[in-house]
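An overview of the molecular structure
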Amino acid sequence: MKKYVITYDIGTTGIKTCLIEIDESMKILGSATAGYGLYVDDETGVKGGAEQDADEWWAAMCSTTRTVFEKVPTVKKEQIEGISFCSAMQGLVLVDKEGNCIRRPMTYMDQRAREEIKKGIAHGFQIAGAEVTKLLKYLRYTGAVSSSVKDPIWKYKWVEAHEPENFKKIYKWLDIKEYLICRASGEFVMTTDSAFATLLYDTRKGHEGWCKPICDMVGVNIEHLPVIKKCTEKVGEVTESAAKELGLAPGTAVYGGGGDASLIGVGAGAVENGDTHIYSGTSGWVGTVCAEQTVDANAMMAAIVGADPESYNYFGELETSNKCVGWVKDHLALDEIGVFLKKYGNATDSLEQIEFNLYDYLEEVIDTAPAGSNGVIFTPWLHGNRCPFEDPNAAGMFFNIKLETGKTELIRAVVEGICFHMRWMLERQEKKVKTSKVVRFCGGGALGATTCQILADILQRDVLVVESPQNIGAVGAAACIAVGMGIIPTMKDVKKLIPVEKVYHPNREVKEVYDKNFKVYQNLYKCNKENFAILNG
């Protein structure tokens, strides 16, 4: 029997809400998107700040829920079996007892807490940025270490140090989707993957839960941490008041869902041990499913807890991935945009459709430049970098520009730079786990055939793309409901419901030029680390 669910894919700059039919496959019947603000640096009043407005999240969730029903009038609100979530992770959303935000939430991009991390862990004799005794204690209990300035612990400590009146009001510490769960159901919960992402979660068998020794070590009040639930668990029901705002039926089941790092791989069908997927959205990453916890502290990579309790996701992140292509569109491709509008512009097109078509046009443009962009190399570190090196001072650059260099080569170099970074993280992962020779590619970056082919050529591996690769976070959230309702037995069975749509094979003829450029790409950070510190430190 067909089941209907609504899922929310909550990204850095917008939400996509999908009405999904679960049957022999998972089919998106209708979707709606809405944007919201991202407030950085001066807009937050502090260097390195990156904040959002929780009311904007909720307003976007409400408006898009109503819109999907308008788009799919054959499905009524009473037919919805449940709602679930996939969201960006490592946000810090501090709420009072009524569930109201105490201050504007900080996103995973926020890197204001440099002094707090120094005091908390980056002092004395260090390994991989962490004082050695604390590092060992972390690894014993959690299998990972909070040694990034972007980790939520240090944002929490920043609030304690700089906003003591706000700190006194804290009832619970939530992440992004947990805040929306609370607003929809009134429940204060956190799923296992979000709990792990706080790096306060004990992963030892038989001890799973909040880790008091780590909380005590870093100075976190364990009473601020909510009840932990499974990603596939029903955690509450939509309240009367929330139902009126959302346009849902009161009592609709609310499932825990998961973070983007947990569910995007699921939505791409990378669910069995050894499956590797690459995601390119606003941020990007390489993730490989593995059976055991492992950590590479020097590369800031760890096997994180995901939606499947039987496995882990070995994970390395790039802070700005396809966001770099958006930067190109806004700041570099002005001439190309003018040509595009003259050639393809249609007064009846929506802004969303124009944006979508423009990215297609830029794909056509970069396909005219040769592999290797005639030696031009771009580094996609537009908001610092996390893996395989942690440096908030790192920045983007174009390297090896000459008189004959054109804008087309610059634009192609941006896409190649993103793919070079994915290769760097993939090769670093292979030092610890076995990655798959066939990689599943997903996110908005996977919509372009030229980008997919560039990734296959740079990796020299087959690249698989599923239907609607930009929506797979929503599909992963639907998988949580499917498992929770018993429609499928486990997360590993999701792959049967997600067929591959396209396969890209690597071109062996361009391997030499990409290998040469990749070597230079890796050298650029080492050669410029000091320069980044001088300019941005």
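Here we summarise the structure given alongside this text. A quick note: this is a predicted structure, and the numbers were derived from the prediction, not measured.

**A look at the nonpolar core**
Among soluble globular proteins, nonpolar side chains are generally buried collectively. Counting 135 residues, the largest nonpolar core has Met-26, Tyr-138, Ile-153, Trp-173, Leu-200 and Trp-381 as the members making the most contacts within it. Broken down by element, this core gets its largest block of residues, 12 residues, from helix H14 (residues 407-429). Core analysis: the next-biggest nonpolar cluster, separate from the first, contains 44 residues, Tyr-8, Ile-15, Tyr-108 and Val-189 among them.

**As for the pattern of salt bridges**
Enumeration over the complete set of coordinates arrives at 32 salt bridges. In this structure, Glu-237 engages Lys-234 in a salt bridge whose closest nitrogen and oxygen atoms are separated by 2.9 Å. The class of Glu-237 is partly exposed, set by a relative accessible area of 41%. Note that Lys-511 is salt-bridged to Asp-515, the shortest N-O span being 2.6 Å. Highlighted residues: Lys-511 and Asp-515, both in helix H17 (residues 511-536), separated by four residues, approximately one helical turn. Owing to a relative accessible area of 24%, Asp-515 belongs among the partly exposed residues under this scheme. Among the ionic contacts, a cluster of salt bridges with common partners joins Glu-51, Arg-103, Arg-104, Asp-110, Arg-112 and Glu-163.

**As for unusual backbone geometry**
Of the consecutive residues Cys-387 and Pro-388, the connecting peptide bond is found in the cis state with omega at 0°. Examined against the element boundaries, Pro-388 turns out to sit in the loop between strand E23 (377-379) and strand E24 (397-399). In the Ramachandran plot, Gln-90 falls in the positive-phi region, its phi being about 60° despite a non-glycine side chain. Along the chain, Gln-90 falls in the loop between strand E6 (80-87) and strand E7 (93-95). One non-glycine residue, Leu-199, lies in the positive phi region at around 60°.

**Quick notes on the side chain of Glu-319**
Relative to the elements of secondary structure, Glu-319 occurs in the loop between strand E22 (312-318) and helix H11 (323-331). Separated by 2.8 Å, the side chains of Glu-319 and Lys-150 make a polar contact.

**Considerations on the side chain of Thr-191**
With respect to the helices and strands, the residue Thr-191 is situated in strand E11 (residues 189-191). A relative accessible area of 1% places Thr-191 in the buried class. For Thr-191, the side chain forms a polar contact with the side chain of Asp-193, separated by 2.6 Å. Apart from residues no more than four positions distant in its own chain, Thr-191 is found in contact with Lys-177, Glu-178, Ile-228, Lys-229, Lys-230, Cys-231, Gly-256 and Gly-257.

Each value, and the rule that gives it
- Position numbers for residues count from 1 along each chain, tracking the sequence in the order it is written.
- Whole-chain, interface and lining totals are the exception, using all residues; otherwise, since this is a predicted model, local features are given only for residues with pLDDT of at least 70 and side-chain atom pairs are given and counted only at 80 or more.
- Values reported for side chains reflect all heavy atoms of the structure, with hydrogen atoms and water molecules removed beforehand.
- We define a nonpolar core as any set of buried Ala, Val, Leu, Ile, Met, Phe, Trp, Tyr and Cys residues linked to one another through side-chain atoms lying within 4.5 Å.
- Classification of residues uses two cut-offs on accessible area relative to the type maximum, computed with a 1.4 Å probe and protein chains only: under 20% is buried, over 50% is exposed, and between them is partly exposed.
- Here a strand is any run of E in DSSP of at least two residues, a helix any run of H or I of at least four, and the numbering for each starts at the N terminus.
- Note on definitions: salt bridges are taken to be side-chain nitrogens of Lys or Arg within 4 Å of carboxyl oxygens of Asp or Glu.
- What qualifies as a polar contact is a pair of N or O atoms within 3.5 Å, subject to a donor-acceptor requirement within protein and to the restriction that residues adjacent in sequence count only when both atoms come from side chains.
- Whether two residues are in contact is decided by their heavy atoms: any pair within 4.5 Å suffices.

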